[in-house]
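Each chain, written out:
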Amino acid sequence: MTEQGTREAVARWLSLVTADAELSPYLIGVDRDRLKEQVARALASGTELPYLGWSEAEHRRAESYLRRRSFWEEVEDRCPGLLPERDAPLIEAALRRLTGRPDRPEKLALLSVLGRAYRRFGLRPEHQAVIDGALRTTAPWQEVERAATNAGDGPAWWPVEVLDHDLACDGVAVITVRPWRRLPYRPGQAVPVCTPRRPGRWRWLCPANAPRPDGTLELHVRAIRGGAVSTSLVHQVRPGELLHLGPPADTGLSLHDGDLLLIAGGTGLALLRAIVEQVAAAPDGRQVTLIAGSRDVASLYDAITLDKLQQAHDWLTVVPAFSHDPLAEPGERGDALTVALDHHRPEQHVYVCGPPAMLAGSRLRLLAAGVPGERIHLPERIPWR
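Residues numbered from 1 in each chain as written. Predicted model: local features only at pLDDT ≥ 70, side-chain atom pairs only at ≥ 80, totals over all residues. Heavy atoms only, no water.

Chemist: I would appreciate a short explanation of the pairing of strand β5 (residues 217-222) in the present structure.
Modeler: The side chains of a regular strand alternate between both faces of the sheet. The buried fraction of β5 amounts to 5 of the 6 residues, a majority that puts the element mostly inside the structure. Note: strand β2 (residues 172-179) against β5, 6 bridges, orientation antiparallel. The residue of β5 that forms the bridge with Ala 173 is Val 221. (Buried < 20%, exposed > 50% of the residue type's maximum accessible area, 1.4 Å probe, protein only. Helix = DSSP H or I, 4+ residues; strand = E, 2+ residues; numbered from the N terminus. Pairing = 2+ DSSP bridges.)

Chemist: It is not clear to me how the packing of aromatic side chains should be interpreted in this structure. Could you clarify?
Modeler: The geometry of an aromatic ring pair comes down to the distance between the two centres and the angle between the two planes. Applying the stated rule across the entire model yields 2 aromatic pairs. Seen in terms of ring centroids, Tyr 26 and Trp 54 are 5.9 Å apart; in terms of plane orientation they differ by 65 degrees. Their pairing is edge-to-face. Placement of Tyr 26 in the loop between α1 (3-19) and α2 (32-45) and of Trp 54 in the loop between α2 and α3 (56-67) is noted, with a sequence separation of 28 residues between them. Judged by relative accessible area, which is 26%, Tyr 26 ranks as partly exposed. Between Tyr 118 and Trp 141, the aromatic rings sit 6.2 Å apart at their centres with planes inclined by 55 degrees, giving tilted as the arrangement. With Tyr 118 in helix α6 (residues 104-120) and Trp 141 in helix α8 (residues 141-150), this pair connects stretches of sequence that are 23 residues apart. (Phe/Tyr/Trp six-rings, centres within 6.5 Å; stacked < 30°, edge-to-face > 60°.)

Chemist: How do you make sense of the side chain of Arg 116 when you look at a structure like this?
Modeler: Residue position: Arg 116 is located in helix α6. Lacking a salt bridge, the buried Arg 116 has Asp 153 as its closest oppositely charged neighbour, with an N-O distance of 6.8 Å. At a separation of 2.9 Å, a polar atom in the side chain of Arg 116 contacts the main-chain carbonyl oxygen of Pro 155. Setting aside anything within four residues of it in sequence, one finds Arg 116 in contact with Ala 151, Gly 152, Asp 153, Gly 154, Pro 155, Ala 156, Trp 158 and Pro 247. (Lys, Arg positive; Asp, Glu negative; His and termini not counted. Salt bridge = Lys/Arg side-chain N within 4 Å of Asp/Glu carboxyl O. Polar contact = N/O pair within 3.5 Å; in protein donor to acceptor, adjacent residues only side chain to side chain. Contact = heavy atoms within 4.5 Å.)

Chemist: Help me understand the nonpolar core in this model?
Modeler: Here is a general trend for soluble globular proteins: nonpolar side chains tend to be buried in one another's company. Ranked by size, the top nonpolar core spans 65 residues in total, and within it Leu 83, Leu 95, Trp 157, Trp 202, Leu 272 and Leu 290 carry the most contacts. Considering each element in turn, this core owes the most residues, 7 residues, to α6. Ala 173, Ile 175, Val 177 and Leu 205 belong to the second-largest nonpolar core, a separate cluster that totals 20 residues. (Core = buried A, V, L, I, M, F, W, Y, C linked by side-chain atoms within 4.5 Å.)

Chemist: What am I meant to see in the packing of α1 against α2 here?
Modeler: Angle between the axes and distance between the axes: these two values describe a pair of packed helices. Where α1 meets α2, the closest approach of the two axes is 10 Å, and the angle between their N-to-C directions is 120 degrees. Considering the angle they form, α1 stands oblique to α2. Pair α1 / α2 crosses with right-handed handedness. On α2, the residues that touch Thr 6, Ala 9, Val 10, Trp 13, Leu 14 and Thr 18 of α1 are Arg 32, Leu 35, Lys 36, Val 39, Ala 40 and Leu 43. In terms of residue class, the contact of α1 with α2 is made up of 8 nonpolar, 2 polar and 2 charged. (Axes fitted to C-alpha atoms, helices over the stretch in contact; angles between N-to-C directions. Parallel < 35°, antiparallel > 145°, perpendicular 65-115°, else oblique. Left-handed = near helix turned anticlockwise from the far one by under 90°. Nonpolar A, V, L, I, M, F, W, Y, C, P; charged D, E, K, R; others polar.)

Chemist: Is there a simple way to think about the pairing of strand β10 (residues 316-322) in this case?
Modeler: With 6 of its 7 residues buried, β10 lies for the most part within the structure. Here 7 bridges tie strand β9 (residues 288-294) to β10, and the two strands are oriented parallel to one another. Each bridged residue has a counterpart across the sheet, and for Ser 294 the counterpart in β10 is Phe 322. Regarding the hand of the β-α-β motif, the stretch spanning β9, helix α11 (residues 303-312) and β10 is right-handed. (Right-handed = clockwise from strand over helix to strand, strands pointing away.)

Chemist: Looking at this structure, I do not really get the confidence of the model for the protein. What am I missing?
Modeler: Detailed reading of the predicted model is not advised wherever pLDDT is low. Confidence along the protein averages 92 in pLDDT terms, with 98% of residues attaining 70 or more. Strand β8 (residues 260-265) holds the highest mean pLDDT among the elements of the protein, 98, whereas α3 holds the lowest, 80. (pLDDT = per-residue confidence, 0-100.)

Structural data, given as structure tokens:
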């Protein structure tokens, strides 16, 4: 086997092990570059794989991933031309992940991607047995087919290059990406995001900007405990790497006529900043107040951009809200909703975007404060975490 062939075989093996719900926990804390070197030596010399603490049966399954032909090769033998070789690993990893037990947000992201792929590549029921045979498991095709009926036409994913990665504050990264082809999205939508570092795992993120002439997007990511994708995006991904974005999906937040009161918590700021940029692209005399909530000054990760926006537009007022900063100014002290109610006017549409704990009680608090229900807008169509 050539050196290039060895690298491809090892990369394929690692993606399969990572997508295996029983084997992937053994990779936690493992130096992956060193592991790939050890696996390459084992493949070249015909010796056993390095021991990672797994059982004898698990070790045999890990070895089977290394010795067997690729998923695409097995599908290609029985259905030539069905799947492009470049796209097959993404389909394989997503199907393997779907057969496990992903949480609801991740499952919706997987179905969004796989439903679009089902349409894109013209899959039919007669292809399912072929794909299951190559997977050596049975995929939940009924769910994929239902997702396909609701999916629009177009690509299943957009390859993007990471142009810039800024660790904006502890645990939060601002990542700028450039799609290989333009991603058609609207401010207020969310897109599934996947990194090859975590094959088969997709996480919803909202572009933080309105569409730009150069097609670039800005993603705001917080590393959450147990979040494989978010942790990789924040702490491992670097400029020059490849990511994939899935089809954009509505969140229930879109621009309405009239003045706006936008209430952001944490990286919920991304979606609301995109709406501010949408207004900036076609000013119409409305007034916009953006409340940017964080724990303290150090956690307000996008302060410079927000200040520039406010300086550039006299219709925009940005107010920080610090929930755990005793040194904050009196008008900026408290959680984002509390501070926002001091700025509320009867004619405003009120948008709220932030972590689940913030969203859980926000509607009731706003209703209790006298905000009409039809003027309250929360992200309701995509589950957040």
